[in-house]
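Residue-level structure breakdown
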Amino acid sequence: SGLVTSEAGATATFSLVLNAAPTVDVTIDLSSSNPAEGSVAPASVTFTTANYNVAQIVTVTGVDDAVVDGTVAYLIITSAAMSASGPYNGLAVDDVSVSNTDNDVPSISVTPTTGLSTSEAGGTATFTVVMGTRPMADVTIAISSSNILEGTPSPNSLTFNAGNWNTPQTITVTGVDDHVIDGDRQYTIITGNAVSADTHYNGLVVADVSATNRTALRQG
């Protein structure tokens, strides 16, 4: 018990050894109760009459599940000893308890957040939104314009889930002609706070995007 791994790939080790010589080879299989949190190597160890009293080292490696889930406990499961004959066959072997520490932080990235340029002639600009970790429930982000007379976004909301969280979604901003000679105008594409049943993401602030709508040339 007491082994600790991490989602950053930190490892822990334990050893297996026989207390008495077997008459034939003895094999013990090893597996993880939760491969999404930790892996084990080797997958099995074998003791012979020659090496029965030499400890064999087992390495447990933490796995990054890309989920904000805190420290998660799991087991390295050791099978009952397997041998063709003799007192070792079927002998129970203790499992090993491990905890995997989390390295994931909830985040939503917007690229870029400045410098977008649209035009009153209908010129467009784009930006993308993507999540940093996999959510436990759908995450919705509302998209709107601070001035619909200068520019409008499409779509007006985004939804991320466990299947598409790491695929950037694109927002297209289209300039609007307000039929006013007002020069280039600044406005903002407002990204609402995240809404989700996943408490790690619900209410998370998402960066807004600044844009400029270039004026149309007019005669007369």
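One can find the structure itself at the top, above this paragraph.
Okay, so let's go over this structure. (Residues numbered from 1 in each chain as written. Predicted model: local features only at pLDDT ≥ 70, side-chain atom pairs only at ≥ 80, totals over all residues. Heavy atoms only, no water.)

Regarding the overall build of the protein
Helices and strands together make up the secondary structure of the protein, namely zero helices and 19 strands. The globule rule puts the C-alpha radius of gyration for 220 residues at 17 Å, and the 29 Å found for the protein is more than 25% above it. Its C-alpha atoms put the protein at 105 × 25 × 20 Å along the principal axes. Taking all 220 residues of the protein together, the buried fraction comes to 36%. Split by element, the accessible area of the protein, about 10900 Å² in all, is 54% carbon and sulfur. Both charge centroids of the protein, one from 4 positive and one from 20 negative side chains, sit 25 Å from each other. (Helix = DSSP H or I, 4+ residues; strand = E, 2+ residues; numbered from the N terminus. Rg over C-alpha atoms; globule rule 2.2 N^0.38 Å. Buried < 20%, exposed > 50% of the residue type's maximum accessible area, 1.4 Å probe, protein only. Areas by Shrake-Rupley, 256 points an atom, 1.4 Å probe, with all protein chains shown as cover. Lys, Arg positive; Asp, Glu negative; His and termini not counted. Charge placed at Lys NZ, Arg CZ, Asp CG, Glu CD.)

Quick look at the sheet that holds strand E12 (residues 124-131)
Within the open sheet, the four strands sit side by side as E10-E12-E16-E14. Their pairing is antiparallel. Whereas interior strands pair on both sides, the edge strands pair on one side only; in this sheet they are strand E10 (108-111) and strand E14 (151-154). Along the sheet, successive strands turn relative to each other by an average axial angle of 25 degrees, direction set aside. Judged from the six bridges that link them, E12 and strand E16 (residues 169-175) form a sheet pairing that is antiparallel. If you follow Val-129 over to E16, its bridge partner there is Gln-169. (Pairing = 2+ DSSP bridges. Axes fitted to C-alpha atoms, helices over the stretch in contact; angles between N-to-C directions.)

Describing the nonpolar core
Within the largest apolar cluster, 23 residues are counted, with the highest numbers of intra-cluster contacts made by Ile-108, Phe-127 and Val-129. Elements with a minimum of two residues in this core: E10, E12, strand E13 (139-145), strand E15 (157-160), E16, strand E17 (185-191) and strand E19 (209-214). No other element matches the four residues that E12 contributes to this core. Beyond its immediate stretch of four places on either side in the chain, Phe-127 contacts Val-110, Thr-111, Pro-112, Leu-116, Gln-169, Thr-170, Ile-171, Val-173, Ile-189, Thr-191 and Val-209. Grouped together as the second largest cluster of nonpolar side chains are 19 residues, Ala-12, Val-40, Phe-47 and Val-98 included. (Core = buried A, V, L, I, M, F, W, Y, C linked by side-chain atoms within 4.5 Å. Contact = heavy atoms within 4.5 Å.)

A short note on the layout of surface pockets
By volume, the largest pocket amounts to about 150 Å³. Taken together, 13 residues make up the lining of the largest pocket; nearest its centre are Val-17, Leu-18, Ile-28, Leu-91 and Val-93. Each residue belonging to the lining of the largest pocket can be placed in one class, and the counts come to 11 nonpolar, one polar and one charged. (1 Å grid on protein atoms, 1.4 Å probe; cavity = no way out; pocket = protein on both sides within 12 Å on 5 of 7 lines; lining within 4 Å. Points joined across faces, edges and corners; volume = space filled by probe spheres on them. Nonpolar A, V, L, I, M, F, W, Y, C, P; charged D, E, K, R; others polar.)

Some points on the sheet that holds strand E6 (residues 56-62)
Read across the sheet, three strands follow the order E2-E6-E4 without closing on themselves; strand pairing throughout is antiparallel. With one partner strand each, in any of the chains shown, strand E2 (11-16) and strand E4 (38-41) form the two edges of the open sheet. Strand after strand, the sheet turns through a mean of 25 degrees between neighbouring axes, direction not considered. With four bridges connecting them, E4 and E6 associate as antiparallel partners. Residue pairing across strands places Val-40 opposite Val-60, the latter belonging to E6.

Concerning the environment of Ala-50
Mapped onto the elements of the fold, Ala-50 is located in the loop between strand E5 (44-47) and E6. Sequence separation between Ala-50 and Ser-107 is 57 residues; the distance between their C-alpha atoms is 54 Å.

Some thoughts on the environment of Pro-168
Tracing the chain through its elements places Pro-168 in the loop between E15 and E16. A sequence separation of 32 residues divides Pro-168 from His-200, and the C-alpha atoms of the two residues are 20 Å apart. Dropping the residues within four chain positions of it, Pro-168 is found in contact with Thr-128, Val-129 and Val-130.

A few points about unusual backbone geometry
Here Ala-41 and Pro-42 are connected by a cis peptide whose omega angle stands at 0 degrees. A cis amide bond links Ser-154 to the next residue, Pro-155, at an omega of 0 degrees. Along the chain, the position of Pro-155 falls in the loop between E14 and E15. One non-glycine residue, Ala-66, lies in the positive phi region at around 60 degrees. Position of Ala-66 relative to the elements: it lies in the loop between E6 and strand E7 (72-78). Its identity is not glycine, yet His-179 carries a phi of approximately 60 degrees, on the positive side. When its relative accessible area of 64% is taken as the criterion, His-179 is described as exposed.

Remember, this is a structural readout, not a statement about activity or role.
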